[in-house]
Amino acid sequence: VKAPRLFAAIADSALARLSDLTPHDLALIVWTFATAGFKSPTLFDAIAEEAIPRLDQFTSQNLANTVWAFAKLGVTAPELFDAVGAAAVPRLGEFQAQEIVNTAWAFMKARVSAPILFDAIAAEALPRL
C-alpha cells in the first residue's frame, strides 16, 4: 500500500460511524481495502459484525464483494461467511455470473465449507452455460 496513513485514517473514520454507513458503503470499504492490499483486522471485524444483521439489504454485488474482500486479505470471519452463504442461496438468481464466481472463489479461498451454497451455485450455473 502506497498510502498506509490514508487507509488508517479511512479505517478510523469508518469505525466511528459504521451504523451510519449503507450496505453498499460497507461492501465498498472492504473491497477497496482488499484491492489495495491493506489489512485492517479491527475494521473488518467491525464491518462483519455490522453487516450480518443487515445482509437482507445487501445487493448480490455487495454480498459477493464483501466475502471476496475478506478472503482476498485472509481475514477470518466464519459467522459472516455462514450468514452470506445463507443469504445468497435463495437469491442466486439475482447474481450476475461474475458475482457467482467471486462468491464461490471467496468461500474456497477462505476454506469455508458451504455444501448447500455450492449445490445451489451448481444448480444456478448449469442452465446458464
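Use the structure listed above.
Just so it is clear, the structure is predicted and the values come from calculations on it, not from any experiment.

Draft legend 1. The overall build of the chain, seen in detail. Each helix and strand counted, the chain has seven helices and zero strands in total. Listed N to C, the secondary structure of the chain is α-α-α-α-α-α-α in terms of helices and strands. Along the longest, intermediate and shortest principal axes, the C-alpha atoms of the chain span 45 × 25 × 20 Å. Every one of the 129 residues in the chain was classed for burial, and the buried ones make up 46%. Distance between charge centroids for the chain: 12 Å, based on 10 positive and 13 negative side chains.

Draft legend 2. Geometry of the nonpolar core. With 44 residues, the main nonpolar core has Phe33, Phe44, Phe70, Phe81 and Phe107 as its most contacted residues. Where this core is concerned, the elements lending two or more residues are α1 (4-16), α2 (23-36), α3 (41-51), α4 (60-73), α5 (78-88), α6 (97-109) and α7 (115-125). The dominant element in this core, judged by the number of residues it contributes, is α4, at seven residues. If sequence neighbours within four positions are ignored, phenylalanine 33 has contacts with Phe7, Ile10, Ala11, Phe38, Ser40, Leu43, Phe44 and Leu73.

Draft legend 3. Representation of the packing of aromatic side chains in the model. Tallied over the full model, the rule gives seven aromatic pairs. Considering the side-chain rings of phenylalanine 7 and phenylalanine 33, the 5.0 Å spacing of their centres and the 85° angle between planes classify their relative orientation as edge-to-face. Linking phenylalanine 7 in helix α1 with phenylalanine 33 in helix α2, this pair joins segments that are 26 residues apart in sequence. Linked through ring pairs, Phe7, Phe33, Phe38, Phe44 and Phe70 together constitute an aromatic cluster.

Draft legend 4. Spatial organisation of α4. Between its terminal C-alpha atoms α4 stretches 20 Å, which fits the 20 Å expected from 14 residues at 1.5 Å a residue. The buried count for α4 comes to 12 of 14 residues, which makes it a mostly enclosed element. Among the residues making up α4, those that are buried are Ser60, Asn62, Leu63, Ala64, Asn65, Thr66, Val67, Trp68, Ala69, Phe70, Ala71 and Leu73. On its buried side, α4 packs onto α2, α3, α5 and α6. Looking one or two residues beyond α4, the residue adopting positive phi is glycine 74, at roughly 70°.

Here is what the cut-offs are and how they apply
Residues numbered from 1 in each chain as written. Predicted model: local features only at pLDDT ≥ 70, side-chain atom pairs only at ≥ 80, totals over all residues. Heavy atoms only, no water. Helix = DSSP H or I, 4+ residues; strand = E, 2+ residues; numbered from the N terminus. Buried < 20%, exposed > 50% of the residue type's maximum accessible area, 1.4 Å probe, protein only. Lys, Arg positive; Asp, Glu negative; His and termini not counted. Charge placed at Lys NZ, Arg CZ, Asp CG, Glu CD. Core = buried A, V, L, I, M, F, W, Y, C linked by side-chain atoms within 4.5 Å. Contact = heavy atoms within 4.5 Å. Phe/Tyr/Trp six-rings, centres within 6.5 Å; stacked < 30°, edge-to-face > 60°. Expected span 1.5 Å × (residues − 1).

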